[in-house]
Amino acid sequence: MELTASERAFFAETQPLGFILFLRNCDNPDQIRALVDDLRSTVEHAHAPILIDQEGGRVARLKPPHWPEFPSAKAYADLYSKDPHAGIDAAFLGGRLIGEELSQLGLTIDCAPVLDVPQPGADPIIGDRAFGEDTETIQILAKSFMDGLMKAGIAPVIKHIPGHGRALVDSHEALPIVDAPRETLENIDFVPFKGLHMAAWAMTAHVVYTALDPDNPATLSSDVIEKVIRKDIGFQGVLVSDDLSMKALSGDFSERTRACLDAGCDVALHCNGDMDEMAEVAKGASGMTTQAWARYKMGELHRTSAAQSFETTEDWGKARLRFDTLLG
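Starting afresh in each chain, residues are numbered from 1 along the sequence in its written order. Given that this is a predicted model, residues contribute local features only at a pLDDT of at least 70 and side-chain atom pairs are listed and counted only at 80 or more, while totals for whole chains, interfaces and linings are drawn from all residues. Note that the side-chain values use all heavy atoms of the structure and ignore hydrogens as well as water.

Notes on the side chain of Ser-241
Secondary structure elements follow DSSP: runs of H or I of four or more residues count as helices, runs of E of two or more count as strands, with numbering from the N terminus. Structurally, Ser-241 can be placed in the loop between strand E10 (238-240) and helix H9 (253-263). Here's how the labels work: a residue is buried when its accessible area is under 20% of the maximum for its type, exposed when over 50%, partly exposed in between, all with a 1.4 Å probe on protein chains only. Residue classification places Ser-241 among the buried residues on the basis of a relative accessible area of 0%. A polar atom in the side chain of Ser-241 sits 2.9 Å from the backbone nitrogen of Leu-269. Whether two residues are in contact is decided by their heavy atoms, any of which lying within 4.5 Å being enough. Contacts of Ser-241, omitting those with residues within four sequence positions, involve Met-203, Thr-204, Thr-219, Cys-260, Cys-265, Val-267, Ala-268 and Leu-269. Under the rule applied, a polar contact is a pair of N or O atoms within 3.5 Å (in protein, one hydrogen donor and one hydrogen acceptor; residues adjacent in sequence only if both atoms are side-chain atoms).

Given below as structure tokens:
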């Protein structure tokens, strides 16, 4: 759970924007802090972003005994249906407390919240990761969760834009094809993303929407990225691909990387740590555009200016007690 000499040399040569951690990388707090410092030392730009998927529930890379458990997004929605104020408060505290755990480790970006609107009959890959079943609830609770993360100095990543809630298969395993009419997508799937388009980061969906681009998943579609995500939804932050090693995509890794960047993604994300695949990704990558760097820098300005850590351990304890009380 520390860098090998070959990994250190590879990162120093290729100069990635940042890094993402998974369960395989996370043993204990001191180990992660040392790994984060080591990763950052390999690149020339200061404060390289370190990402993680820490949604709560079944998507959590930091687990007991070193880190507390957090509920899935559905728990906030269930509470909100009974007591809206309590649900909103709990979602904020959930983001705040998760964010504090990440911040203590030197991490800066959480790949959450999920803004997908789950639909009947869809694959359960989204399921309880969604902040509700209707667009209004999702926007309200996800916004509170995002505010909590930002208060801890952690930038949220809204995902999976422009919507994964109708996918009939898990994009980790196959390419989902959604045949819903554009009007339906605009009235349901796009709504949470449009409402929270001010986020600093968003992650694409490896999903084909036949009404938008019948030939390419959103990650590889300039039509979806430029006309829908950037124009119709209005998202102007850093657009990162979902993991390029997922089976929804085909072709070699240099082709996947080049295709997602050519389509309009700002950042290509590769997650499994396979050195051969990473080398192919690096071959297909190019330097970040001036516009992409500007988006990243603006997001960092917002993230750092919003940060306000707990003043004392006692304050953290009170917040955790209220969070646990709200959720029973």
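Some thoughts on helix H4 (residues 84-104)
Helix length check: H4 (21 residues) gives 30 Å between terminal C-alpha atoms against 30 Å at 1.5 Å per residue, within 8%. After H4 finishes, the residue Gly-106 shows a positive phi value of roughly 90°. To estimate how far a helix should reach, multiply one less than its number of residues by 1.5 Å.

Brief notes about the layout of surface pockets
A cavity here means a set of 1 Å grid points, computed over protein atoms only, where a 1.4 Å probe fits but cannot escape. A pocket is an open set with protein on both sides within 12 Å along at least 5 of 7 lines, and lining residues have an atom within 4 Å of a point. Grid points are joined across faces, edges and corners, and a volume is the space filled by probe spheres set on the points. In this structure, the largest pocket encloses a volume near 1000 Å³. In terms of lining, the largest pocket is formed by 40 residues, of which the most central are Phe-11, Pro-16, Gly-18, Phe-19 and His-270. Of all elements in the fold, only helix H1 (5-14), strand E1 (19-21), helix H2 (29-41), H9 and helix H10 (275-284) reach the threshold of two or more residues within the lining of the largest pocket. Tallying contributions element by element places H1 first for the lining of the largest pocket, with four residues. Note on residue classes: Ala, Val, Leu, Ile, Met, Phe, Trp, Tyr, Cys and Pro are nonpolar, Asp, Glu, Lys and Arg are charged, and everything else, Gly too, is polar. For the lining of the largest pocket, the per-class residue count stands at 26 nonpolar, 10 polar and four charged.

A closer look at the pattern of salt bridges
Each reported salt bridge corresponds to a side-chain nitrogen of Lys or Arg within 4 Å of a carboxyl oxygen of Asp or Glu. By the definition in use, this model includes 22 salt bridges. Among the ionic pairs, Asp-128 bridges to Arg-58, the shortest N-O distance being 2.8 Å. Linking Asp-128 in the loop between strand E5 (109-110) and helix H5 (135-151) with Arg-58 in the loop between strand E3 (54-56) and strand E4 (59-60), this pair joins segments that are 70 residues apart in sequence. Linking Lys-283 and Glu-280 is a salt bridge whose minimum nitrogen-to-oxygen distance equals 3.2 Å. Note that Lys-283 and Glu-280 are positioned in helix H10 at a spacing of three residues, about one turn of the helix. Lys-283 gets classed as exposed once you look at its relative accessible area, which sits at 60%.

A closer look at the sheet that holds strand E6 (residues 155-161)
For sheets, the rule is that strands pair by backbone hydrogen bonds, running either parallel or antiparallel. A pair of strands is considered paired only if DSSP assigns at least 2 bridges between the two. Ordered by their spatial adjacency, six strands build an open sheet running E1-E2-E5-E6-E8-E10, and the pairing between neighbours is parallel. Looking at which strands have only one partner, the edges of the open sheet turn out to be E1 and E10. A fitted line through C-alpha atoms serves as each axis, taken over the contacting stretch for helices, and the angle formed by two N-to-C directions is quoted from 0 to 180°. Sheet strands in contact with H2 are E1 and strand E2 (50-52), and its direction is about 165° off that of E1.

Topic: the pairing of E6
When you tally the buried positions in E6, you get seven out of seven residues, the bulk of the element. Bridge count for E5 against E6 is two bridges, and the pairing is parallel. When the bridges of E6 are listed, Asp-110 appears paired with Pro-156. A clockwise course of the path from the first strand over the helix to the second, judged with the strands pointing away from the viewer, identifies a crossover as right-handed. At this point the chain moves from E5, through H5, to the parallel E6, and the crossover so formed is right-handed. For E6 and strand E8 (residues 201-204), the ladder comprises four bridges, and the chain directions are parallel. From the neighbouring strand, Lys-159 faces E8, where its bridge partner is Met-203.

A look at the packing of H4 against helix H12 (residues 313-326)
The geometry of a pair of packed helices is captured by two quantities: the angle between their axes and the separation between those axes. In contact at an axis separation of 9 Å, H4 and H12 are set at 135° when each is read in the N-to-C sense. Considering their axes alone, H4 and H12 lie oblique with respect to each other. Judged by the twist between their axes, the crossing of H4 over H12 is left-handed. Every residue of H12 that contacts H4 at Ala-86, Asp-89, Ala-90, Leu-93, Gly-94, Leu-97, Glu-100 and Glu-101 is listed here: Trp-316, Ala-319, Arg-320, Arg-322, Phe-323 and Leu-326. Classifying every residue of the contact of H4 with H12 by side-chain character gives eight nonpolar, one polar and five charged. Put simply, angles under 35 degrees are roughly parallel, angles over 145 are roughly antiparallel, angles from 65 to 115 are roughly perpendicular, and the rest are oblique. Note: crossing handedness is left-handed where the near helix turns anticlockwise from the far helix by less than a right angle, and right-handed where it turns clockwise.

Remarks on the packing of aromatic side chains
To pair, rings of Phe, Tyr and Trp, with the six-membered ring standing in for Trp, must have centres within 6.5 Å; the planes then decide the type, stacked if under 30 degrees apart, edge-to-face if over 60, and tilted in the middle. Within the structure shown, the criterion is met by nine aromatic pairs. Plain terms: the ring middles of Tyr-76 and Phe-145 are 6.5 Å apart, the flat faces sit at 45° to each other, and that makes the pair tilted. Taken together, the residues Tyr-76 in helix H3 (residues 73-82) and Phe-145 in helix H5 connect sequence positions 69 residues apart. Each member of the pair, Tyr-76 as well as Phe-145, is classed as buried. Cluster of aromatic residues (ring-pair linked, three or more members): Phe-70, Tyr-76, Phe-131, Phe-145 and Phe-323.

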